[in-house]
Each structure stands twice: as structure tokens, then as C-alpha cells.
Amino acid sequence: MRMMIILVALAVTGISGAWEETNYLNYQFKKTIDTQAGENLQWLSGVQSSAHFYEYGPYGYSGADVGNYASGAYSDQIFYQGQSVDTSDVLTQYGSAKLGSRSSDLQTPGEVMSFGSATSGQNMAFSGLFNYVQFWGSNYAQVGLGKDNAYTYYDWANPTAYPSISIWANDDSRFSGANMGTEATVGFEKLMAPGALTTMSGDFRAWGGFNGAYDPTADGSEIGFKDADISVDFSKVGTQGFMMTSWD
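Residues numbered from 1 in each chain as written. Predicted model: local features only at pLDDT ≥ 70, side-chain atom pairs only at ≥ 80, totals over all residues. Heavy atoms only, no water.

### Quick notes on the pairing of strand β7 (residues 113-145)
The buried count for β7 comes to 26 of 33 residues, which makes it a mostly enclosed element. One ladder, built from 15 bridges, connects strand β3 (residues 60-77) with β7; its direction is antiparallel. By the bridge assignment, Gln77 is partnered in β7 with Phe130. Across 16 bridges, β7 lies against strand β10 (residues 175-191) in antiparallel orientation. Residue pairing across strands places Ser117 opposite Gly187, the latter belonging to β10. Across 5 bridges, β7 lies against strand β9 (residues 164-170) in antiparallel orientation. Among the inter-strand pairings, Trp136 is bridged to a residue of β9, identified as Ser164. (Buried < 20%, exposed > 50% of the residue type's maximum accessible area, 1.4 Å probe, protein only. Helix = DSSP H or I, 4+ residues; strand = E, 2+ residues; numbered from the N terminus. Pairing = 2+ DSSP bridges.)

Below is the structure:
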């Protein structure tokens, strides 16, 4: 019996491959305060949470840092039929980040793109019976890779006051629920080639809402139209800043 051995030689030249390396960060912190016939908002003074990651890779140090700070909350409760109602207050702080690099050609380092984004936010929810609520808080988000770093900062409109959102009921109006908060996002993208510019993006959102608004005098004892008049105030939110540092 003869055995035939066939040797096949493959010469691989000029073959490239696309790749992407990405890091993901997510966190959530929640604080609840349930109170029978009252409210204990002092537990919301100075609450802060954060998450981060760092590493050293082929392009230097990289990482992200996201965090939130709740300075405090206030509410003006309303009695119903002479009794203080039960309350349920929930503070939710969260953050996320995405950071990495990618290339469509493994053999062409100049086509490597670095990218990153980071978001931090918090929401304060009130449930009870109120004619006024207010929440103070701020956010921080940072993401960087190598010599590129993007982050948020707060430019206080009034150095003696924290940024805040408030909701109040005018005249005899009441509301049973409210939520308010802020969120900041920053990001960057850069082609790793000599002379390439780094681009930055930034976004800031603030919100405030309510539910269960009514006029307590509209109980049928009076004839006529009853009003529910509610105001949401963002005048003390201030200015959210975004910064980018980059070196070739």
C-alpha cells in the first residue's frame, strides 16, 4: 500500500482584521424612606454614591468615574381631615460608562479610533400630600483613555446655594406625588493619528413632574369651578459645565 502525503503551503500576506475592545460600567443606588403619618427627610442629607474602573493598556491609562450627590430634600406636608398622611420617598442614583477602541484594519495603527462616554443621574420621588417639595443635588461624570479625558463640572450660579428643583402648589391646591432630578452625559471620540482632533459631546437634562393635583375645597359643598394650580421651578439648577483635555 502506498501512502501519498500532500503538503499544502499557504502564504498569508496582506490579510487584515477588524477589532474592537470595549469596557462597560453600570451602577444603581436606591434609598427608600417610608414613614407613617409624617416624613423623615433628614435621612436624605448628604447622600452620595459612585462607581469607577481603571486599567493600563496599550494606549496608557484609561477609565471612567460616575457619581451623584444629594444635598438634601424638603417638603411641606398637608394634613388631610386633621391627620398627617403616610409618605414614601425614594432617591435613585445611577451611572454608566462605555470606553474602548476599535479599528477596521489590524495592520494600520493610524486607523484606530478611541471612544468613550459617561452618564450620571439621580431622581427624587415624593409620595404623600404636599403643597411644596424641593430637592438639591448634583452629578459628576468622567471618562478618559490615554491622553484624552472628558469630564463634567458644575459652575455654581450662586456659590452659597446648591443647585435645586422645586415644585409648589398655588392657592389651595395640593398634590400627592412628585419627582425631580438631573442627569449629565459627557463623551469623546478620537482617531489615533498625528494631528487628529478629539471631539467632545455633552448633554444635561433636568426634570420635574407631579401627579394627583387637586383643590381640596372641591368637595361638593360649594358650587362652581375649582382650580388646581401647580408650578415647577428650574431657576436654581445653575449651569452645567463640560471639559475636555487632550494631548497629541
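### Focus: the packing of aromatic side chains
Scanning the model with the defined rule gives 4 aromatic pairs in all. Ring geometry for Phe130 against Phe175: centres 6.1 Å apart, planes inclined by 40°, an arrangement best described as tilted. Placement of Phe130 in strand β7 and of Phe175 in strand β10 is noted, with a sequence separation of 45 residues between them. The burial state of Phe130 is the same as that of Phe175; both residues are buried. An aromatic cluster of at least three residues, connected via ring pairs, comprises Phe126, Phe130 and Phe175. (Phe/Tyr/Trp six-rings, centres within 6.5 Å; stacked < 30°, edge-to-face > 60°.)

### Focus: a nonpolar patch on the surface
On the surface, a cluster of nonpolar side chains totalling about 230 Å² of accessible area is made up of Phe210, Val232 and Phe234. Relative to the assigned elements, Phe234 resides in the loop between β12 (229-233) and β13 (239-246). Classification of Phe234 by relative accessible area gives partly exposed; the value is 36%. (Patch = residues over 30% accessible without salt bridge, like charges linked within 9 Å, V, L, I, M, F, W, Y side chains within 5 Å. Areas by Shrake-Rupley, 256 points an atom, 1.4 Å probe, with all protein chains shown as cover. Salt bridge = Lys/Arg side-chain N within 4 Å of Asp/Glu carboxyl O.)

### What to know about empty space enclosed by the protein
Tallied over the entire structure, the rule returns 1 cavity of 30 Å³ or more. Volume-wise, the largest cavity comes out at about 60 Å³. Elements with a contribution of two residues or more to the lining of the largest cavity: β7, β9 and β10. In terms of residue count, the dominant contributor to the lining of the largest cavity is β7 (3 residues). Partitioning the lining of the largest cavity into residue classes produces 6 nonpolar, 4 polar and no charged. (1 Å grid on protein atoms, 1.4 Å probe; cavity = no way out; pocket = protein on both sides within 12 Å on 5 of 7 lines; lining within 4 Å. Points joined across faces, edges and corners; volume = space filled by probe spheres on them. Nonpolar A, V, L, I, M, F, W, Y, C, P; charged D, E, K, R; others polar.)

### Regarding the nonpolar core
Core analysis: the biggest nonpolar cluster contains 21 residues, and Phe126, Val133, Phe175 and Met180 have the highest contact counts within it. For this core, the secondary-structure elements that each account for two or more residues are β3, β7, β9 and β10. Grouped together as the second largest cluster of nonpolar side chains are 15 residues, Phe53, Val66, Val143 and Val186 included. (Core = buried A, V, L, I, M, F, W, Y, C linked by side-chain atoms within 4.5 Å.)

### Details of a negative patch on the surface
Together, Asp171, Asp172, Asp227 and Asp229 line one region of the surface with negative charge. Looking at the element boundaries, Asp171 is found in the loop between β9 and β10. (Lys, Arg positive; Asp, Glu negative; His and termini not counted. Charge placed at Lys NZ, Arg CZ, Asp CG, Glu CD.)

### What about the pairing of strand β6 (residues 87-103)?
Every regular strand shows the same layout, with side chains that alternate between the two sheet faces. Strand direction decides the pairing type here: strand β1 (residues 19-35) and β6, joined by 17 bridges, are antiparallel. Looking at β6, one finds that Gln28 is bridged to Tyr94. Bridging between β6 and β7 involves 13 bridges; their strand directions are antiparallel. Counted as the bridge partner of Arg102 is Met113 from β7.

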